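# Summary of structural features
The primary structure of each chain is shown beneath.
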Amino acid sequence: MVSSSSNNSSDNTIDPDSITGNRGTAVEIPEEIKDKMRGKSYKEEYASIVGITWDDLRYCQIPYIDFNGNRQIGEMILNKSVAEDALDIFEELYNIGYPIEKIRLIDEYDASDYQSIEDNNTSAFNMRGTNGSEITEGNVSNHSKGVCIDINPQINPWIDGDTGEGTHENAREYWNRDYTQWSNETAKKAYIGEDSEIYRIFTEHGWRWLGGGKESGNSDTQHFDKVN
Ligand SMILES: [Zn+2]
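Keep in mind that this is a model prediction, so the values were computed, not measured.

Okay, the sheet that holds strand S2 (residues 57–65) next. Strand order in the open sheet made by the three strands is S1-S2-S3, with antiparallel pairing throughout. Edge positions in the sheet fall to strand S1 (25–28) and strand S3 (71–79), since each has one partner strand and no second. Across this sheet, the average inter-strand angle for adjacent strands is 25 degrees, counted without regard to direction. In this sheet, S2 lies alongside S1 in antiparallel orientation, the contact comprising four bridges. When the bridges of S2 are listed, Thr25 appears paired with Gln61.

Pasting the structure below:
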């Protein structure tokens, strides 16, 4: 498997049969989830800089197919402006069998973007600056608003446009975006590029992909967003 924890079923605490069908659910954030997020992905001192409140966010439970081909239900925080649309997208991804290794709240990684990526975790909301830095005025990642999703981020890394390299050694094989050369068959199915089904699905829903290197010269191949 791609990462050492791929077979660790303890990552998933939600009964895969607790949702009927393949479309997820989005609700106002329950108190016990807020308790997990406070001081981690949701930092009260940054809320005014970001310009959101708890009421702008939704707690989503999302059915997905994991890297072993099993049904799982992940947890994700999204802005209410995109949550229902994202659930439609994840249902389509489920139905085409697009594999996702895990979808855990980034709070399980103490809101560390680096550690979440290192574990190939798919995530969305996190109050942070760009590239995982601390928030300041003028340095607010759109992840802080919950309108971006990073998918299978080890296999779909951020790549420096000048050097062609990423920032995670365990993703070195995937800095080369010619997935036909990759060794792992599941990783090939999880590939994101303009020639992938997942790209087609997100963009048909009006989401933007930052993997093309058009915005900054760098390629953020894991990242889709719907900013407007
Ligand atoms: Zn991102």
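Let's pick the thread back up.
Taken residue by residue, a regular strand's side chains alternate between the two faces of the sheet. Taking burial as the measure, the nine residues of S2 include seven buried ones, the bulk of the element. In terms of strand pairing, S2 meets S3 through nine bridges, oriented antiparallel. Counterpart to Cys60 in the pairing with S3 is Met76. Counting the residues in the hairpin turn of S2 and S3 gives five residues, including Gly69, whose phi is positive at 80 degrees.

Tracing the backbone shows Ile77 in strand S3. Classification of Ile77 by C-beta neighbours within 10 Å gives buried; the count is 23. Residues Ile77 and Thr163, 86 residues apart in the sequence, show an inter-C-alpha distance of 33 Å. Discounting residues that sit within four places of it in the chain, Ile77 has contacts with Ser41, Leu57, Tyr59, Leu105, Ala124, Phe125 and Gly146.

Those residues of helix H6 (residues 197–204) not exposed but buried are Ile198, Ile201 and Phe202. Projected down its long axis, H6 carries its buried residues within an arc of 95 degrees, all on one side. Where H6 is buried, its residues contact helix H3 (83–96), strand S6 (208–209) and strand S8 (223–225). Taken from the residues just after H6, Gly206 is the one with a positive phi, measuring 85 degrees.

Turning our attention to the nonpolar core. Formed by 48 residues in total, the largest nonpolar core has its most connected members in Ile77, Leu78 and Ala86. When residues of this core are traced back to their parent elements, those giving at least two are S2, S3, H3, strand S4 (148–150), helix H5 (185–190) and H6.

Turning next to the environment of Glu194. Among the secondary structure elements, Glu194 is positioned in the loop between H5 and H6. Distance in space between the C-alpha atoms of Glu194 and Gly211 is 8.5 Å, their sequence separation being 17 residues. In contact with Glu194, other than residues within four places in its own chain, are Tyr199 and Gly212.

Here we take up the packing of H3 against H6. Here H3 crosses H6 at 155 degrees, and the two axes come no closer than 10 Å. If you check the angle between H3 and H6, you find them roughly antiparallel. H3 and H6 meet at a crossing whose hand is right-handed. In this structure, H3 contributes Ile89, Glu92, Leu93 and Ile96 to the contact, and H6 contributes Glu197, Ile198, Ile201 and Phe202. When its residues are assigned to classes, the contact of H3 with H6 shows six nonpolar, no polar and two charged.

This prediction gives the protein chain a mean pLDDT of 93; 94% of its residues lie at or above 70. In this model, residues 1–10 is a region of pLDDT below 50 whose contacts with residues beyond four sequence positions or in other chains number 20 contacts.

Further remarks concern the sheet that holds S6. The three strands are arranged S4-S8-S6 in an open sheet whose pairing can be described as antiparallel. Two strands close off the open sheet at either side, each with one partner strand: S4 and S6. Examined bridge by bridge, S6 and S8 share two bridges and lie antiparallel to one another. In the sheet register, Arg208 faces S8, and the bridge partner there is Asp225.

Reading guide: rules and limits
- Residues numbered from 1 in each chain as written.
- Predicted model: local features only at pLDDT ≥ 70, side-chain atom pairs only at ≥ 80, totals over all residues.
- Pairing = 2+ DSSP bridges.
- Helix = DSSP H or I, 4+ residues; strand = E, 2+ residues; numbered from the N terminus.
- Axes fitted to C-alpha atoms, helices over the stretch in contact; angles between N-to-C directions.
- Buried ≥ 20, exposed ≤ 12 C-beta atoms within 10 Å, placed from the backbone.
- Contact = placed C-beta atoms within 7 Å.
- Arc of directions from axis to C-beta.
- Core = buried A, V, L, I, M, F, W, Y, C linked by C-beta atoms within 7 Å.
- Parallel < 35°, antiparallel > 145°, perpendicular 65-115°, else oblique.
- Left-handed = near helix turned anticlockwise from the far one by under 90°.
- Nonpolar A, V, L, I, M, F, W, Y, C, P; charged D, E, K, R; others polar.
- pLDDT = per-residue confidence, 0-100.

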